Amino acid sequence: MNPDLFFQYVVAGITYGTIYAVVAIGFNIIYNATGIINFAQGEFVMLGGMTAVTLSRFLPLPVAILGAVAVTTVIGAVIDILFIRWLRGPSVLRMIIITIGVSILVREAALHVWGESVRALPYFTGTSVTSIKMGNVYISPQVLWVVGVSAVAVVALSAFFNYTMLGRQMRACAANRDAARLCGISAKNMVTLSFMLSAGIGAIGGAVVCPITYVQYDSGTPLAIKGFTVAILGGIGNSAAAVGAGMILGILESFSIWVLPAAYKEVISISLLLLILFIRPSGIFGSAEEARLKEF
Amino acid sequence: MRGRYLPVAAFAGLIVAIQMATHFTGSGYHLTQLTMSAYYSLLAIGLCLLVGYAGQISLGHAGFFAIGGYITALLTTHDLSSRAGGASRWLAKAGILSFRIDLYGGELLTVHPWVACLVAVLATVGIAYAVGGPVLKLKGHYLAMATLGFGVIIYRIVLGTEFLGAADGISEVPPFAILPGLEVSGKAALRVPNYYLAWGLVIAGMVLLLNLIHSREGRALSSIHGAEDAAEAMGIPTARYKLSAFALSAAFAGLAGVLLTHYNGGIGPSEASVMKSVRYVAIVAIGGMANLWGTLLMSLLLNYLSLRGYFGTYDDAVFGAILILIMLFAPGGLLRRDLLEEVRDVFRGNGEKAS
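Residues numbered from 1 in each chain as written. Chains lettered and ligands numbered in written order. Predicted model: local features only at pLDDT ≥ 70, side-chain atom pairs only at ≥ 80, totals over all residues. Heavy atoms only, no water.

Draft legend 1. Region of interest: the overall build of chain B. A tally of helices and strands in chain B yields 14 helices and six strands. For chain B, whose C-alpha radius of gyration is 21 Å, the value lies close to the compact-globule estimate of 20 Å for 355 residues. C-alpha atoms of chain B, sized along the principal axes, occupy 70 × 50 × 45 Å. Across chain B, every contact between residues at least 6 apart in sequence was considered, and the portion connecting residues at least 24 apart equals 74%. As displayed, chain B has an accessible area near 14700 Å², and 65% of this comes from carbon and sulfur atoms. (Helix = DSSP H or I, 4+ residues; strand = E, 2+ residues; numbered from the N terminus. Rg over C-alpha atoms; globule rule 2.2 N^0.38 Å. Contact = heavy atoms within 4.5 Å. Areas by Shrake-Rupley, 256 points an atom, 1.4 Å probe, with all protein chains shown as cover.)

This is the structure in structure tokens:
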């Protein structure tokens with residue numbers, strides 16, 4: 001393999017890896033606030049893409065994307081308020097099944113609203129064949145959009161958690177829910193907020209990546225599994241590590257096409273998930289000690 | 001002892017009554033969907049043992065169903081006659097291979113369905129042991145994701161593999177002649193015997209599982225569900241029991257896959273889809289988790305309604321909605337006397353009794 005092709009594969013891997021990282025961060029936000037793995041996480045990405053495509057028909061592109069993020073954020077809040085907020089101390093099994101049910105309902109609703117057709121936004125700059133030459137490597141400007149927008153979103157998110165009152169309240173809740181409540185923080189509102197943030201960041205990812213990957217009513221589930229793989233790989237709850245883990249999975253998947261036909265691409269990433277779960281469930285960046293203290 | 005078999009007799013009576021009713025109203029065509037729902041029920045009661053009694057969730061049981069179905073489909077349709085050497089002639093004489101005539105009058109040499117069935121079920125159990133070993137060490141979300149991952153892997157493999165028919169699946173699977181004059185096939189003339197065969201198997205499976213859950217092993221499984229560490233401390237080999245329950249439920253799923261594939265004459269990748277796995281869990285949940293009879297009755301009803309197309313394009317949505325509603329309002333299932341009380345408890349805010 002010549003080095004140019006090698007870098008081409010790396011760039012493709014980074015594009016996908018970015019989206020996996022975004023999904024993983026979505027998982028982490030909700031997990032930190034509630035201890036729940038939200039199986040409907042991939043659906044937020046799908047909703048972001050689908051809504052943006054629909055809105056872009058009569059709104060300028062940036063407004064359409066912002067609108068899609070807003071709509072998905074509201075849906076995130078509605079999901080929490082309807083299905084999660086009012087339950088008291090639900091068991092893990094119950095929460096798993098409820099979020100799976102939610103993901104099915106969202107997917108089926110999307111099927112009835114948008115049909116089975118595959119959709120995409122136009123490329124933000126140029127067309128699908130426009131490319132920027134960097135050395136001997138060609139990069140589509142959309143790849144830069146994906147990486148750039150996601151990076152901004154992640155930085156903004158971490159600024160929010162570190163420098164705003166609301167963000168600190170959320171972290172306090174994640175660290176010790178009872179103590180936070182004693183300080184007058186509404187834990188329930190923080191959970192709702194975590195669903196909104198998680199939906200919002202998922203929608204941003206879904207909107208920027210859909211010119212490249214396209215979006216369909218059922219594109220959420222594979223993303224959820226891969227995002228979860230990345231979240232585990234980085235150590236659950238650790239969003240900085242998720243970015244690195246996302247790159248690893250994305251690049252690994254992109255190179256797997258060498259070894260196996262593209263139809264088995266998902267088999268590779270899920271086998272990796274199983275492998276990590278069996279060998280090192282605390283993730284490659286996480287500490288085993290810390291993982292033992294968590295609920296599962 | 002008698003108390004345990006009374007419901008079995010009552011259920012057998014119900015099965016006969018349904019057949020009589022379709023006979024006298026001349027609506028025998030309903031039996032086709034009822035037979036199919038019997039095979040799905042076989043899977044559901046096996047899953048009930050695992051999820052309800054042993055407390056181990058599996059979101060990958062459609063994978064085991066597909067493994068059974070695809071193995072039997074492959075073995076009974078793959079023509080070996082071009083390679084007919086001495087060994088295959090000997091195998092044919094021993095009954096392992098059999099000749100049959102295909103649709104176009106050509107002669108096919110394929111594996112006999114009995115052998116294919118045996119291989120398929122054994123392979124399913126073998127895979128269940130191999131996968132279950134590491135997977136069942138996980139708990140909660142990790143277990144759910146790992147089994148979901150297993151299901152997706154099987155789905156992707158059957159969807160992406162050329163000799164498994166890719167998106168089309170495998171068709172023209174021959175009937176499975178269990179006894180002379182009794183074969184598992186979708187022929188209209190054999191509708192009634194097939195209906196009884198399928199439900200007879202389900203009842204046999206129920207008797208097996210009912211005895212199991214009331215035995216030492218069954219109580220051990222329930223104790224694992226209740227508190228795994230405590231069970232371990234009491235000297236119960238929890239890992240081994242969980243694995244056995246997993247393998248047994250996989251065997252039920254594999255057998256169901258084999259028989260339904262012969263009954264339908266084919267199998268496609270949709271049988272391995274995640275949605276199917278979720279659907280089976282939904283049936284166990286609405287049946288009341290640790291409730292074999294509830295699971296069986298709900299499986300009979302919901303599969304029948306779904307196969308007859310009563311849910312239309314909302315088929316998957318109905319199962320998703322059922323799953324959510326049950327888990328929100330009645331985590332102990334529907335078929336119970338204290339249902340209303342529990343719903344009230346949920347609204348009062350202490351509804352974590354039943355799960």
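Draft legend 2. Quick peek at the packing of aromatic side chains. Tallying each qualifying case throughout the model produces 20 aromatic pairs over all chains. Among the aromatic residues, those joined into a ring-pair cluster are A:F6, A:F7, A:Y9, A:F255 and A:W258. Its guanidinium or amino end placed over the ring of B:Y241, B:R240 lies 5.9 Å from that ring's centre, counting from NZ or CZ. Above the face of the B:F319 ring, B:R279 is positioned so that its terminal group lies 4.2 Å from the ring centre. (Phe/Tyr/Trp six-rings, centres within 6.5 Å; stacked < 30°, edge-to-face > 60°. Lys NZ or Arg CZ within 6 Å of the ring centre and 35° of its normal.)

Draft legend 3. A look at the nonpolar core. A:F39, A:F228, B:W199 and B:L292 are the most contacted members of the largest nonpolar core, which totals 193 residues. Looking at this core, the element that brings in the most residues is helix α2 (residues 30-53) of chain B, giving 16 residues. Ignoring any residue separated from it by four or fewer positions in sequence, one finds A:F228 in contact with A:F27, A:I37, A:I236, A:L273, B:Y142 and B:M145. (Core = buried A, V, L, I, M, F, W, Y, C linked by side-chain atoms within 4.5 Å. Buried < 20%, exposed > 50% of the residue type's maximum accessible area, 1.4 Å probe, protein only.)

Draft legend 4. Structural context of the environment of B:A231. Residue and element names in this part refer to chain B. Turning to its location among the elements, A231 is positioned in helix α9 (residues 228-233). Owing to a relative accessible area of 3%, A231 belongs among the buried residues under this scheme. On a C-alpha basis, the gap between A231 and L221 in space is 8.9 Å, while along the polypeptide they are 10 residues apart. Those residues in contact with A231 that sit more than four places away from it in its chain are S223, I224, I236 and T238.

Draft legend 5. Representation of the pairing of strand β4 (residues 176-179) of chain B. All names here are of chain B. The pairing of β4 with strand β5 (residues 182-184) spans three bridges and is classified as antiparallel. The residue of β5 that forms the bridge with F176 is V184. Linkage of β4 to β5, two consecutive antiparallel strands, is achieved through a turn of two residues, within which G181 is found at a positive phi near 90 degrees. (Pairing = 2+ DSSP bridges.)

Draft legend 6. The side chain of A:T229, seen in detail. By the element assignment, A:T229 lies in helix α9 (residues 220-234). For A:T229, a relative accessible area of 1% translates into the label buried.

Draft legend 7. Focus on the pattern of salt bridges. Applying the stated criterion across every chain yields a total of nine salt bridges over all chains. Salt-bridge contacts for B:K242 lead to B:E228; the nearest nitrogen and oxygen are separated by 2.9 Å. Separated by 14 residues along the polypeptide, B:K242 in helix α10 (residues 238-264) and B:E228 in helix α9 bring together distant segments of the chain. Residue B:K242 is classed as buried on the basis of its relative accessible area of 3%. Here B:E228 falls in the buried class, since its relative accessible area comes to 17%. Here B:K276 ties to B:E271 by a salt bridge, and the two come within 3.9 Å at their closest N and O atoms. The class for B:E271 is buried, based on a relative accessible area of 11%. Several salt bridges converge on common partners, so that one network encompasses A:K226, A:E253, A:E266 and B:R156. (Salt bridge = Lys/Arg side-chain N within 4 Å of Asp/Glu carboxyl O.)

Draft legend 8. Representation of helix α1 (residues 3-34) of chain A within the structure. With 32 residues, α1(A) ought to run about 46 Å at 1.5 Å a step, and its terminal C-alpha atoms sit 45 Å apart, in line with that. Phi for A:G35, located one or two positions after α1(A), is positive at around 80 degrees. (Expected span 1.5 Å × (residues − 1).)

Draft legend 9. Geometry of the packing of α1(A) against helix α5 (residues 141-163) of chain A. Residues and elements named next belong to chain A. Put simply, α1 and α5 touch, their axes get as near as 10 Å, and they point 25 degrees apart. When the axes of α1 and α5 are compared, the pair comes out roughly parallel. Handedness of the crossing formed by α1 with α5: left-handed. Of the residues in α5, those touching α1 at V11, I14, T15, T18, I19, V22, I25 and I29 are V143, V146, V147, S150, V154, L157 and F161. Taken together, the residues of the contact of α1 with α5 sort by class into 12 nonpolar, three polar and no charged. (Axes fitted to C-alpha atoms, helices over the stretch in contact; angles between N-to-C directions. Parallel < 35°, antiparallel > 145°, perpendicular 65-115°, else oblique. Left-handed = near helix turned anticlockwise from the far one by under 90°. Nonpolar A, V, L, I, M, F, W, Y, C, P; charged D, E, K, R; others polar.)

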